[in-house]
Structure formats: structure tokens, C-alpha cells
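# Structural overview
Each chain, letter by letter, is given below.
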Amino acid sequence: MRLIHIKLGCILACAFLSLTWFTAHNGNDGDEPPNHPVMIQLYERLLAAEFKGELLSRELSSVLTSLRNLTIPNNSSSTNIPEGPIKRNLSLLSSRLPNAHLYLPHLRDHPDSLIPNVVLGQGRTGVSLVLGIPTVKRQKQSYLVSTLNSLLYDLSPSERNDTVIIIFVAETDAEYVNSVAELLEKNFPKDVHSGLLEVVSPSQYFYPNFSRLRETFGDSKERVKWRTKQNLDYSFLMLYAEEKGTYYVQLEDDIVANPGYSQTMKTYVRKLATDDWMFLEFSQLGFIGKMFRASDLPMIAEFFLMFYKDKPIDWLLDHILWVKACNPEKDAKDCNLQKGLLKLRYKPSLFQHVGLHSSLPGKLQKLKDKDFGKVPLFTTHTNPPAELSSSLKHYQQHTLERAYNGQDFFWGLTPTAKDFLLLSFPQPHTVTRYLFRSGNIENNGDHFYNTTVEVLPSDSSVRDRLVGGQSPQYKGSYGGFIVIGCFVDGVAEGQIDAQMQPISALRLLVQSDSDMWVLLSEIFIQL
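Residues numbered from 1 in each chain as written. Predicted model: local features only at pLDDT ≥ 70, side-chain atom pairs only at ≥ 80, totals over all residues. Heavy atoms only, no water.

With that out of the way, let us pick up the state of the cysteines. The final tally for this structure, using the stated rule, is 1 disulfide. Between the sulfur atoms of Cys326 and its disulfide partner Cys335 the distance amounts to 1.8 Å. Of note, the bridge from Cys326 to Cys335 carries an S-S torsion of about 75° and is right-handed in sense. The same class applies to Cys326 as to Cys335, namely buried. (Disulfide = S-S within 2.5 Å. Buried < 20%, exposed > 50% of the residue type's maximum accessible area, 1.4 Å probe, protein only.)

Spelled out as C-alpha cells, the structure:
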């Protein structure tokens with residue numbers, strides 16, 4: 001650092017002494033601008049020295065910031081992030097954007113203001129897909145849990161291991177941030193503890209004073225503040241996500257995803273004929289469903305921060321394309337053509353906006369992506385004839401009979417212990433496989449919990465042989481039934497032991513009270 005100071009001082013001192021000597025020997029009293037060729041040359045050298053001095057100053061500032069962050073203890077309330085190198089790397093978030101203090105000068109008063117508060121997380125990195133979801137406190141309805149249910153609905157185990165979903169709670173109210181973390185840990189405990197879900201919030205000093213913003217484009221003061229804060233939120237989230245994986249997808253907290261979205265995006269990227277793209281669009285709405293290379297995020301975030309007070313986020317993204325692709329000597333048609341080569345659109349859209357109440361207080365958001373299409377809410381199969389009965393009251397037309405026949409899904413009111421769904425076959429059948437899937441893309445929380453799958457062998461002696469004795473193979477249930485499986489993460493599937501065949505009935509039996517409705521979106525009985 002001393003060498004940088006000495007180098008900077010020498011450059012400026014030499015330039016100043018040269019200029020002073022020349023002025024003294026040429027009688028210029030300082031009132032006239034330099035016009036002698038040598039004088040002009042010295043003047044240009046002085047400007048070059050000034051520019052180089054500024055670069056060295058920035059370099060010094062970056063080094064000092066990095067060193068300072070290395071020595072700052074992390075006193076956040078994080079309770080679920082491992083100690084060690086991961087926390088040290090988080091403290092170096094500011095080093096990914098060394099010019100942050102130029103755009104956000106208020107951060108200079110708080111050196112740790114770019115350190116994220118990781119409330120929940122296991123420090124997962126090295127994945128293919130990083131999904132970023134900013135969320136704020138809403139005056140009306142919150143859609144966050146429904147959004148996550150939709151995103152997690154049909155992810156395979158391998159996809160879950162190759163993904164990180166970052167929930168950025170863009171609030172400085174610690175109590176609210178912790179309440180969101182508790183809500184997600186309650187609803188998605190396995191996904192939190194596996195590292196699939198992370199909850200992050202900014203420092204209390206991250207946001208500037210929004211009262212001094214200039215009103216532009218006819219927007220009210222509240223709207224200008226809202227869009228300005230939104231730009232900062234996206235930038236912070238992008239910088240945090242950069243080192244997590246290969247591709248980053250920007251989402252919002254009030255969307256629904258098409259089934260298979262994860263594999264669809266990966267396949268699309270892999271099959272592209274060119275790598276000369278800046279981002280891919282999986283939704284035509286605003287900033288939803290935009291995929292970036294994670295390595296590009298620092299550049300994009302820095303551009304956003306340079307103009308965060310000036311324009312909305314989607315406009316700024318378009319301006320990046322203009323800077324990269326457009327020739328100012330050509331017309332708008334050519335510019336749009338060149339920009340189109342850097343943003344590639346996938347159809348049909350994989351994400352749909354569903355929130356009615358915007359995060360901007362008082363604003364109704366009725367935006368819909370026309371390319372999204374209709375998401376199937378149930379899966380149809382041809383099942384063998386059966387007499388159907390249930391102790392659960394169904395909602396509206398969503399009966400068990402319609403679900404079994406592939407015409408609808410079954411939707412039942414809140415179950416209690418000993419509630420059941422019964423499939424009785426007129427003639428005993430040899431059933432090789434069964435599948436019951438609860439919840440759907442719109443109501444993924446309506447699962448069967450603590451519910452067993454049971455069969456009734458047509459031969460009563462089979463139950464005595466498999467359940468009784470000193471080493472029973474299966475657990476018995478009332479009415480002569482045998483327990484063969486249960487719901488795990490909303491799904492019950494498996495094969496039926498040949499020793500039990502043929503069977504007279506299949507039963508789903510609820511073992512404990514639930515505070516959620518139940519929905520069966522798929523019933524498959526394979527003979």
C-alpha cells in the first residue's frame with residue numbers, strides 16, 4: 001500500500017513541477033489557456049497522470065475494503081450456515097464490486113454494509129441453476145409459499161441437488177426477516193436443511209436515503225422510491241448469487257412455474273446453436289424468467305447500480321443490450337435486430353405472474369403472460385372398475401369418482417385421524433403397481449400427510465401369514481387390511497407383494513389430524 005501511495009504522489013508531483021517550470025520560463029501569467037505545443041503536451045500528460053491517479057486510488061480503495069472485510073467479525077443472527085471458509089467468502093461480497101462506493105457513497109460510513117445476512121442456508125455452491133427470488137413485506141396477500149410450492153412441485157432428486165433457490169428478504173426489519181425464515185423452515189424443512197433453499201437479507205445500512213430522489217417519467221414519489229429500491233434489491237441478490245452456480249434465473253415471489261421447467265431450461269441452453277447471448281427469456285413479462293450466466297452478474301449489477309436512481313430495472317436491462325449491440329449511426333430497426341441476437345426467447349413461457357397485489361402499495365398487478373398456456377392440474381389414467389367411497393367431504397365438483405376416472409382431481413376438506421379413501425374391486429384383481437400423487441401446481445400444499453396405503457387380500461389367511469407370527473413381514477390394520485406403504489413428500493407409490501394377490505380393495509388411511517385440505521391429482525392402479 002505504501003508503494004501505491006508513493007507511486008501516485010510521484011506521478012502528480014512530477015507533472016506539477018514540470019508545468020510550474022515551463023510556466024515560469026515562458027512568462028505565462030496563468031490567465032491564458034496553454035497554447036504552446038510543448039505546453040499542450042504537458043497539459044495532456046497532466047490529464048493522463050490525473051486519470052492514472054484515479055485508477056490507482058480505486059485500486060487502493062478495493063484493497064483496503066478487502067483487507068478490512070477480512071478482519072470484520074460476522075455478528076449476524078445466522079443460525080443455519082456452516083462456519084469457516086463460507087462465512088469468510090461472504091464477507092468478501094464487496095470485492096466483487098470494488099466500485100460500489102462510487103455509486104452508493106453512503107456505504108463508506110459502514111464498511112460491512114455489503115455483507116449479506118444469511119439467515120438460512122448450507123452454503124451450497126457448484127450447481128447448474130441458481131433461482132433468485134426477492135421478496136418484501138406486502139400490505140395484502142403474500143404469495144411466497146405458493147411460489148416455492150410451484151417451483152418445488154416436480155423437481156426430481158437429482159434436480160434438487162443441482163439447484164439453489166435464494167430467497168432475498170429485501171427488508172431491514174430483523175423481526176420480519178426472521179419470521180419469513182421461520183415460515184419457510186416450517187413449510188420446507190427438508191429443502192432448507194439440504195441447502196436447496198436459502199434465506200438472505202441485506203445489512204441495515206445497505207439502503208440510501210430515498211427522500212432525495214428526483215421524480216421522473218411522470219412517476220409519483222412513492223413509485224420512484226419503489227423502483228429505485230427494486231434496482232438495489234436485484235443488484236444485491238445478483239452479487240450474492242454469482243459464485244453459487246453456472247446459470248442464474250431471475251424470478252419474483254408471485255409466480256407459478258410450468259412442470260418440468262428445470263429440465264426444459266437446461267435442455268434449451270445445451271441445444272443452442274450459439275453462445276453469443278447475454279440472457280435467455282423464459283417469460284415475456286418484465287424481469288421474470290430471465291436467465292444469465294452467473295459470470296456476467298457483476299457486470300450487470302454494476303450497470304444497474306450506476307443508474308439505479310434513473311430508470312426501472314427492465315429498462316436498464318434493455319440499455320445494456322443497446323450499449324453492447326447497437327450502432328448509433330444506424331436506425332432503430334437495425335438496433336432491435338442486433339439486440340435480438342443477444343436475448344433469445346423460449347416459447348411457451350415457463351413462468352406466469354399470478355399475484356394480484358403488487359409490492360407497491362395500492363397497485364393492482366393484472367399482468368399475464370399470454371404464451372404461458374394452461375398448466376395441467378391433474379394426470380389422467382385408465383383404472384380398473386372399482387366402487388369408490390370416502391369419509392372426506394369433497395369440495396365443489398372435485399369428487400373421488402371424477403379423479404379416479406381421469407376427469408378431474410379430488411379435493412377434500414381438512415382430514416382428521418381415521419378418515420379414508422376406499423377403492424373396492426367388484427372382482428379381486430392382481431394389482432402390480434399403485435401411484436397416488438397429492439397436491440398440484442396451484443395447490444401444492446394440499447398434501448396427504450401421515451397417511452398409509454393399505455390392501456385387503458381376497459384370501460384372509462394371507463393376512464394371518466404375513467402379519468402374524470414371531471417375525472411379521474408387514475403391519476396389520478383394522479378390517480383385515482395390510483399396510484404396504486405411505487405418503488412421502490406428497491406421493492405414495494410402489495409395487496404390491498405377489499404373496500398378497502389377488503386383492504379385493506385398496507385404502508388410504510389418515511393417521512393423524514391435519515390443518516390442510518387434501519388434493520389427489522393422480523391416481524394410477526396398474527394391473
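As enumerated under the stated definition, the model contains 13 salt bridges in all. With a closest N to O distance of 3.6 Å, Asp219 and Arg223 form a salt bridge. For Asp219, a relative accessible area of 17% translates into the label buried. A salt bridge links Arg402 to Asp408; its shortest N-O distance comes to 3.5 Å. You can call Arg402 partly exposed: its relative accessible area is 29%. Here the residues in one salt-bridge network are Asp219, Arg223 and Arg227, joined through shared partners. (Salt bridge = Lys/Arg side-chain N within 4 Å of Asp/Glu carboxyl O.)

Strands sit in the order E11-E13-E19-E15-E17-E16 across an open sheet of 6 strands; the sheet is antiparallel. Each edge of the sheet is formed by a strand with only one pairing partner; in this case those strands are strand E11 (387-390) and strand E16 (475-476). For strand E15 (residues 451-457) and strand E19 (residues 503-510), the ladder comprises 7 bridges, and the chain directions are antiparallel. Counterpart to Glu454 in the pairing with E19 is Arg507. (Pairing = 2+ DSSP bridges. Helix = DSSP H or I, 4+ residues; strand = E, 2+ residues; numbered from the N terminus.)

The subject of this paragraph is unusual backbone geometry. With an omega of 0°, the peptide bond between Lys347 and Pro348 qualifies as cis. The residue Pro348 is located in the loop between strand E9 (343-345) and strand E10 (351-353) in this model. At the junction of Gln501 and Pro502, the peptide bond is cis and its omega measures out at -10° in the coordinates. With respect to the secondary-structure elements, Pro502 resides in the loop between strand E18 (491-495) and E19. Positive phi, close to 55°, is recorded for Phe217, a residue that is not glycine. Topologically, Phe217 is positioned in the loop between strand E4 (197-201) and helix H9 (221-241). Note on Phe217: relative accessible area 48%, which makes it partly exposed. In this structure, Lys418 takes a positive phi of about 85° despite not being glycine.

Core analysis: the largest hydrophobic core is formed by 47 residues, its most contacted members being Met238, Phe292 and Phe304. Those residues in contact with Met238 that lie beyond four places of it in its chain are Tyr248, Gln250, Phe287, Phe292, Leu297, Ile300, Ala301 and Phe304. The next biggest cluster of nonpolar side chains, apart from the first, holds 42 residues, and it includes Leu129, Leu155, Val249 and Leu344. (Core = buried A, V, L, I, M, F, W, Y, C linked by side-chain atoms within 4.5 Å. Contact = heavy atoms within 4.5 Å.)

Looking down a regular strand, the side chains alternate between one sheet face and the other. Across the 9 residues of strand E2 (residues 127-135), 8 count as buried, placing the element largely inside the fold. Pairing of E2 with strand E5 (residues 245-250), which is carried by 5 bridges, proceeds in the parallel orientation. Counterpart to Gly132 in the pairing with E5 is Gln250. Pairing analysis gives 7 bridges linking E2 to strand E3 (residues 163-169), with the strands arranged parallel. In the sheet register, Leu129 faces E3, and the bridge partner there is Thr163.

Geometric descriptors of this kind do not, in isolation, establish any biological role.
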